[in-house]
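Inside the fold
What follows is the residue order along each chain.
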Amino acid sequence: PRMHMPWDTFWELIASAVRADPIEHAAALEAALRERKWFEVVSFQARFDEAARAANTPDLRAAALLVNGTDSAAAFRDFRDWLVARGKPTYLRGIE
């Protein structure tokens, strides 16, 4: 059976890494993941991808277009990844 990281653990890891500066944010998340076992990192990535897929909605795409000024698939993917990486409260506000 496949083991998935519990959502609470996923969001706690992200919350522990959130920084105002995007470079510091990425470094903090990387450091937090380095402390985990390899299969936990794989499970984290699966949860991250799941959350990003759930944010693939027409309304969010329209919001991304307003923010980014482009409707490209890559820009929308980056927007959804940013939304997930900002943490659960921001993510939930974004997809509601």
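Just so it is clear, the structure is predicted and the values come from calculations on it, not from any experiment.

1. With respect to the nonpolar core
Across soluble globular proteins, you tend to see nonpolar side chains buried next to one another. One finds Phe10, Ile14, Phe44, Phe48, Val84 and Tyr91 to be the most contacted residues of the largest nonpolar core, which totals 23 residues. Elements with a contribution of two residues or more to this core: helix 1 (7–17), helix 2 (22–34), helix 3 (38–54), helix 4 (58–68) and helix 5 (73–85). Ignoring sequence-local partners within four residues, the contact set of Phe48 consists of Phe10, Ile14, Asp81, Val84 and Ala85.

2. Some words on helix 1
An α-helix turns once per 3.6 residues; consequently, residues spaced three or four apart project the same way. Listed in full, the buried residues belonging to helix 1 are Phe10, Trp11, Leu13, Ile14 and Ala17. Looking straight down helix 1, one finds that the buried residues subtend no more than 155° of arc, so they occupy a single side. The exposed set on the far side of helix 1, more than 90 degrees from its buried face, consists of Asp8, Glu12 and Ala15. If you follow the buried residues of helix 1, they end up packed against helix 2, helix 3, helix 5 and helix 6 (88–95).

3. Here we look at the layout of surface pockets
Estimates place the volume of the largest pocket at around 290 Å³. Considering the residues around the largest pocket, the lining is formed by 16 residues, among which Pro22, His25, Ala26, Leu29 and Ala85 are closest to the centre. For the lining of the largest pocket, the secondary-structure elements that each account for two or more residues are helix 2, helix 3 and helix 5. The greatest single-element share of the lining of the largest pocket, amounting to six residues, is contributed by helix 2.

Procedures and definitions
Residues numbered from 1 in each chain as written. Predicted model: local features only at pLDDT ≥ 70, side-chain atom pairs only at ≥ 80, totals over all residues. Heavy atoms only, no water. Core = buried A, V, L, I, M, F, W, Y, C linked by side-chain atoms within 4.5 Å. Buried < 20%, exposed > 50% of the residue type's maximum accessible area, 1.4 Å probe, protein only. Helix = DSSP H or I, 4+ residues; strand = E, 2+ residues; numbered from the N terminus. Contact = heavy atoms within 4.5 Å. Arc of directions from axis to C-beta. 1 Å grid on protein atoms, 1.4 Å probe; cavity = no way out; pocket = protein on both sides within 12 Å on 5 of 7 lines; lining within 4 Å. Points joined across faces, edges and corners; volume = space filled by probe spheres on them.

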